[in-house]
Amino acid sequence: QRLQQENQRLAARPKVVAPPQASFRESPEVDALRRDISDRLARAGVSVPVEVRTTRSGDRKVAVVLEDAYPSGKDSLDKNPKAVEALARLSQVLQQTYPGSRIHIEGHTDSDPIRVSKWPSNEALSLARADQVKKLLVSAGLSEGQIETEGVGARNPLAKGGTPPAKAQNRRVEIYVWPR
């Protein structure tokens, strides 16, 4: 029944807009890292997307994605215990298997303009989201020095349109991992 509910939830998600890319195969190293992190998280009971994405610099890297993680205009994961647990487990996996990895966290928002909020812009809100994830990863044992954060705002949407499901999908954090 839980699997059926998850399949229904995934089927109802808005269409993901992928940037145009040349047809190519992932490097064996990047694909192996994606599979390994995904398998280790699954064995730890964590169900989050682990994907290969193109970074803002154009490199293909592994990203752990916290989708639909935030209510509109919020930076806290206090009401999302599943995301907090996923971050704790991710921290454990990285410490045990990929110690010293470099981690880049990108915060994202939906396209709604900031009107009444403590943040002056979507970029500031998205940076607050990335910083919150960094704080949780550090509290779970990762070194603060190996993690950098960036606020992307609404500049890189996954889902098109202004529907509530599309906006929720765009309110996310992407955690890129570079093993050493």
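Just so we're clear, the structure is a prediction, and the values are computed from it rather than from any experiment.

Conventions and cut-offs
- Residues numbered from 1 in each chain as written.
- Predicted model: local features only at pLDDT ≥ 70, side-chain atom pairs only at ≥ 80, totals over all residues.
- Heavy atoms only, no water.
- Helix = DSSP H or I, 4+ residues; strand = E, 2+ residues; numbered from the N terminus.
- Buried < 20%, exposed > 50% of the residue type's maximum accessible area, 1.4 Å probe, protein only.
- Contact = heavy atoms within 4.5 Å.
- Polar contact = N/O pair within 3.5 Å; in protein donor to acceptor, adjacent residues only side chain to side chain.
- Pairing = 2+ DSSP bridges.
- Axes fitted to C-alpha atoms, helices over the stretch in contact; angles between N-to-C directions.
- Core = buried A, V, L, I, M, F, W, Y, C linked by side-chain atoms within 4.5 Å.
- pLDDT = per-residue confidence, 0-100.

Enquirer: Could you give me a rundown of the overall build of the protein, with the residues and numbers involved?
Expert: Helix and strand counts for the protein stand at five helices and five strands. Secondary structure of the protein in N-to-C order comes out as α-α-β-β-α-β-α-β-α-β. For the protein, the residues scored as buried account for 41% of the 180 residues in total. In the protein, 70% of the contacts between residues at least 6 apart in sequence involve partners at least 24 apart.

Enquirer: Talk me through the side chain of Lys-167; I want residue IDs and the actual numbers.
Expert: Along the chain, Lys-167 falls in helix 5 (residues 164–170). Taking relative accessible area as the criterion, Lys-167 reaches 18% and is therefore assigned buried. Within the structure, the side chain of Lys-167 is placed 2.7 Å from the side chain of Asp-112, a separation counted as a polar contact.

Enquirer: So what's going on with the sheet that holds strand 1 (residues 50–54)? Which residues, and what values?
Expert: Spatially, 1-2-5-3-4 is the arrangement adopted by the five strands of the open sheet, whose pairing is mixed. Each having just a single partner strand, strand 1 and strand 4 (147–153) make up the two edges of the open sheet. This sheet shows a mean twist of 30° between the axes of neighbouring strands, independent of strand direction. Sheet topology note: the strand 3 (residues 102–108)/strand 4 ladder contains six bridges and is parallel. When the bridges of strand 4 are listed, His-108 appears paired with Gly-153. Taken strand by strand, helix 3 (residues 81–97) contacts strand 2 (60–66), strand 3 and strand 5 (173–178), and its axis lies near 145° from that of strand 2.

Enquirer: Account for the nonpolar core, with residues named and values stated.
Expert: Of all hydrophobic cores here, the largest spans 32 residues; its most connected members are Ile-37, Leu-41, Leu-66, Leu-77, Ile-105, Val-133 and Ile-175. Elements supplying a minimum of two residues to this core: helix 2 (28–43), strand 1, strand 2, helix 3, strand 3, helix 4 (122–139) and strand 5. Of all the elements, helix 3 adds the most residues to this core, at six residues.

Enquirer: Could you give an account of the confidence of the model for the protein, naming the residues involved and the relevant values?
Expert: When pLDDT is low, close inspection of the predicted coordinates is not appropriate. Taken residue by residue, the protein gives an average pLDDT of 86. The fraction at 70 or more is 86%. In this model residues 13–23 is a low-confidence stretch, pLDDT under 50, and it forms 17 contacts with partners more than four residues away in sequence or in other chains.

Enquirer: Explain the pairing of strand 3 to me, and be specific about the residues and the numbers.
Expert: Extensive coverage of strand 3 is indicated by the burial of six of its seven residues. In this sheet, strand 5 lies alongside strand 3 in antiparallel orientation, the contact comprising six bridges. Across the sheet, Ile-103 pairs through a bridge with Val-177, a residue of strand 5.

Enquirer: Give a description of the pairing of strand 5 that names residues and reports values.
Expert: Burial within strand 5 is extensive, with six of its six residues counted as buried. Residues Val-173, Ile-175 and Val-177 point to one face of strand 5 and Glu-174, Tyr-176 and Trp-178 to the other, with burial holding for every one of them. Sheet topology places strand 2 next to strand 5; five bridges connect them, and they run antiparallel. For Ala-63, the partnering residue across the bridge sits in strand 5 and is Tyr-176.

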